[in-house]
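Structural characterization, general
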Amino acid sequence: MTLLPDPASLVNEDRADGSIYNNALLYDMEMDRIFKRNWIWVAHRSDLPDPGSFITTFVGQHPVIVSRDRKGEVHVLLNRCRHRGATVCEHKSGKAASFVCPYHGWAYGQDGALRAVPQPKGYGDSLDKSKLPLVSLRVEDYNGMIFATFNADIMPLDEWLGPAKIWIDLFMKQGAGWPIKTMGEHKFTFPGNWKIQLENTTDAYHFPIVHKSFLDSVDNQTQNIFDFVEGDGFVEDLGNGHSVMVMIPELVDLEENLDAPIPERFQKLAEALSKDYPPEKVRQIVRAVGGSGFNLNLYPNVACSMAFFRVLRPLAVDETEIRHIAIGMDGGPEIANEVRLRLHEHFQGPLGFGTPDDSEAWDRVQRGALAGYNIDILLNRGLEHEAKRESGLLFSDVTAETGMRAAYRQWLTDMTCETAIEEAAQ
Amino acid sequence: MSITLADAIEFITLEADMLDYGQFKEWLSLYTPDGLYIVPIDPDADDYQKKLNYAYDNAEMRQNRVTRLLSGRAISAMPPAHTVRLLGRYRMLETDETKCIVRCAQMLTEMRQGRERYYSANVTFHLVKTDDGLKIDRKIICLLTSTEALTTVSYIL
């Protein structure tokens, strides 16, 4: 029998062992103890606009269908026919009245119920269709964010998100009064462990170093806005592995400071919008287009990151898929949504001016961390002046590694959870 | 006389050579002032402007992209990737005296930090004839894998 690594010996409050990025046994344990047992983000409400809308995605390593049924209820169904295990749907998204397995024609409803099988006589009386639906996961949502879990015993999503909910609400103000909708995504992989990406969303320290060439490509005013590492921002541990990193405090609540002058880069947009909207609404739209001033990291797989959703999916111990999902105003002015798309393309995605440099840094962490033995990864930045809010939440300066410490604290809780260990052993 | 396929191929080959040999500043001059360099996600989109793309570069963004690649300040392009691209399967879709649309295939191999990667694409060129020779009014690079996960691309496709 192979001896499993001991998670408690690998992660401390202020450091972690480099092997957390490249130990394949540890990775398998993570899939069981973290991705099978926590709330995993699967979709945004706007991905399923109508009854019958569906998308296919993953919960950890498990292919799922996220489907809205005739009554509007959302189901997360394992994409696996109950007969011989074939996937029943290979479309990325669409509308369907039912899901029919291509192998032997077993047909399932939008809620996963097994409706019909061809030539049922071959089973005599032994086929109880009610016992063979597509396997359903537990589903809950908050403000349009839909999560699913294999874990029947986990706390309700509401409690799991806790203080993060306020930040989700703030993030959704980018709709400028309209609902938020997704507007396409950039999807790419990098040859590294998923936790390197998880850390990065709560790492302001790297921004002026890694993103020099992005900053070179924007106007002075925008450069100043992004000059936040010595500013009044902060990182706050929101519990359950979640954290928020406020980089630009003026852009926390997009419905405040509406009197502030319109930035130069949005002047043209403001002028165009003025033809159709009163000044107050123009300011609200323009502020929303610029995006939020914070990254909300929702452990373990999604972030509300300034102006988009960032979703990670572990593919292997040293391979991770990342999606940068663009968002916009559902029903809002098209010219404003187009500006959002161009801003997204400017920084994000595999051909953006920001993402390739992030990816390069993560790639190097993966390769560099293989060097030597028993050498720590440091997680102690900002620990010395970390303090507690009245709410009891820990916070430190904007470049602090408080958010990473929050994530690794939950990682340790998950990885050493007795129930999870027993479940995995079965 | 309409623009011939031979003229178009000569020009497209010149562009490919400039990109593989890192002559990015010279490359900028191959475009019209209103020209667009587009790498779509959805190859079937009617109007790329209204969709999310990998790149939707006007003159300013092309200039920014080149500056970034040459600046030495982008770690993903320092050292830069080396590329070899081969274009073929040319077909003239429309042509007249002042403009033409040519479609072709592009196979590109990238080498960086010991890693070889491949990108195949259907490429459509909208070319216009100017006093200064042919120019690109639109180049649309539809990657075969555009709707799948890519790896990062810190060069010009």
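See the structure shown above.
Quick look at the structure, then. Sequence order as written defines residue numbering, which begins from 1 separately in each chain. As a convention, the first chain written is A and the first ligand written is 1, with the rest following in written order. Whole-chain, interface and lining totals are the exception, using all residues; otherwise, since this is a predicted model, local features are given only for residues with pLDDT of at least 70 and side-chain atom pairs are given and counted only at 80 or more. No hydrogens and no water enter the side-chain calculation; it runs on all heavy atoms of the structure.

1. Examining the overall build of chain A
Across its full length, chain A carries 13 helices and 22 strands. Taking 2.2 N^0.38 as the reference for a compact globule, 426 residues should give roughly 22 Å; the C-alpha atoms of chain A span a radius of gyration of 23 Å, in line with that estimate. Think of it in three bands: with a 1.4 Å probe and only protein chains considered, a residue is buried below 20% of the maximum accessible area for its type, exposed above 50%, and partly exposed in between. The buried share of chain A, reckoned over its 426 residues, is 55%. Long-range pairs, those at least 24 residues apart, make up 65% of the contacts in chain A with a sequence separation of at least 6. The protein chains shown are the only cover counted for residues, whose accessible areas, like all others here, come from Shrake-Rupley with a 1.4 Å probe. Only carbon and sulfur atoms are counted for the fraction: they give 51% of the accessible area of chain A, which is about 18,200 Å². Computed over 42 positive and 61 negative side-chain charges, the inter-centroid distance for chain A is 8 Å. The numbering of helices and of strands both runs from the N terminus, where a helix is a DSSP run of H or I of at least 4 residues and a strand a run of E of at least 2. In this setup the radius of gyration rests on C-alpha atoms only. A globule is expected at 2.2 Å times the number of residues raised to 0.38. Contacts: residue pairs with any heavy atoms within 4.5 Å of one another. Under this rule, positive means Lys or Arg and negative means Asp or Glu; His and the chain ends count for nothing. For this purpose, a charge sits on NZ of Lys, CZ of Arg, CG of Asp or CD of Glu.

2. Topic: the overall build of chain B
Within chain B, the secondary structure is distributed over three helices and six strands. Ordered by position from the N terminus, the helices and strands of chain B form the series α-α-β-β-α-β-β-β-β. With respect to the principal axes defined by its C-alpha atoms, chain B has extents near 50 × 30 × 30 Å. Among the 157 residues that make up chain B, the fraction classed as buried is 49%. In chain B, of all internal contacts separated by at least 6 residues, the share reaching a separation of at least 24 is 56%. Summed over all atoms, the accessible surface of chain B reaches about 7,700 Å², with 53% contributed by carbon and sulfur. The averaged location of the 22 negative side-chain charges in chain B is 6 Å from the averaged location of its 19 positive side-chain charges.

3. As for the interface of chain A and chain B
Each side of the interface is counted separately: chain A has 36 residues, and chain B has 34 residues. A pair is scored as a salt bridge if a Lys or Arg side-chain nitrogen falls within 4 Å of a carboxyl oxygen belonging to Asp or Glu. On the surface where chain A and chain B come into contact, there are six salt bridges. Linking Asp 357 of chain A and Arg 68 of chain B is a salt bridge whose minimum nitrogen-to-oxygen distance equals 2.6 Å. For this analysis, a polar contact is any N or O atom pair within 3.5 Å, provided that within protein one partner can donate a hydrogen and the other can accept it, and provided that sequence-adjacent residues contribute only side-chain to side-chain pairs. Our count for the contact surface shared by chain A and chain B stands at 21 residue pairs in polar contact (both at pLDDT 80 or more). Going through the elements one at a time, strand 13 (180–190), helix 6 (212–216), strand 19 (319–329), helix 10 (334–347) and helix 11 (355–368) of chain A are the ones with two or more residues in the side of chain A that touches chain B. A total of nine residues in the side of chain A that touches chain B trace back to one element, the largest contributor, which is helix 11 of chain A. Nonpolar residues are Ala, Val, Leu, Ile, Met, Phe, Trp, Tyr, Cys and Pro. Charged residues are Asp, Glu, Lys and Arg, and all others, Gly as well, are polar. A class-by-class count of the residues in the side of chain A that touches chain B yields eleven nonpolar, ten polar and 15 charged.

4. Digging into the state of the cysteines
Residue and element names in this part refer to chain B. Pairs of cysteine sulfur atoms within 2.5 Å are what we label disulfides. The full count for this structure, using the stated rule, is zero disulfides over all chains. This cysteine, Cys 104, is not joined by any disulfide, and Cys 142 carries the nearest cysteine sulfur, 11 Å off. In this structure Cys 104 comes out as buried when scored by relative accessible area, which is 0%.

5. A short note on the nonpolar core
Joining through side-chain atoms within 4.5 Å is the link that ties buried Ala, Val, Leu, Ile, Met, Phe, Trp, Tyr and Cys residues into a set, and such a set is a nonpolar core. Membership of the largest hydrophobic core comes to 72 residues, with the highest contact counts inside it found for Trp 167, Leu 296 and Trp 411 of chain A. Delimitation of the domains relies on an automatic or database domain assignment. No fewer than three residues from each of domain 1 (41–142) and domain 2 (162–413) of chain A sit in this core. Discounting chain neighbours no more than four positions away, the residues touching Trp 167 of chain A are Phe 234, Leu 238, Val 244, Val 246, Val 252, Phe 294 and Leu 296 of chain A. Counting residues in each nonpolar core, the second largest holds 46 residues, with Leu 351 of chain A together with Tyr 54, Ile 141 and Leu 143 of chain B among its members.

6. Considering helix 12 (residues 402–415) of chain A
Residues and elements named next belong to chain A. Between its first and last C-alpha atoms helix 12 spans 20 Å; for 14 residues at 1.5 Å apiece the expected length is 20 Å, and the two agree. In terms of burial, helix 12 is a largely internal element, eleven of the 14 residues being buried. Every buried residue of helix 12 is listed here: Thr 402, Gly 403, Met 404, Arg 405, Ala 406, Ala 407, Tyr 408, Gln 410, Trp 411, Asp 414 and Met 415. By this rule the span expected of a helix is its residue count minus one, scaled by 1.5 Å.

7. Examining the sheet that holds strand 9 (residues 107–109) of chain A
Residue and element names in this part refer to chain A. Read from one edge of the open sheet, three strands run 8-9-10, paired in antiparallel fashion. Lying at the two open borders of the sheet, with one neighbouring strand each, are strand 8 (98–100) and strand 10 (114–116). Across this sheet, the average inter-strand angle for adjacent strands is 35°, counted without regard to direction. Sheet topology note: the strand 9/strand 10 ladder contains two bridges and is antiparallel. Paired with Tyr 108 across the strands is Leu 114, a residue of strand 10. What makes two strands pair is DSSP finding at least two bridges between them. For helices, the fitted line uses only the C-alpha atoms of the stretch in contact; every axis is such a line through C-alpha atoms, and the angle between N-to-C directions lies from 0 to 180 degrees.

8. Description of the side chain of Lys 139 of chain B
Residue and element names in this part refer to chain B. Tracing the chain through its elements places Lys 139 in strand 6 (residues 133–143). Only 3.1 Å separates the side chain of Lys 139 from the side chain of Glu 15, close enough to count as a polar contact. A distance of 3.1 Å separates a polar atom in the side chain of Lys 139 from the backbone oxygen of Leu 157. What Lys 139 contacts, discounting residues up to four positions off in sequence, is Glu 15, Leu 19, Tyr 31, Leu 36, Tyr 37, Ile 38, Val 123, Thr 124, Phe 125 and Leu 157.

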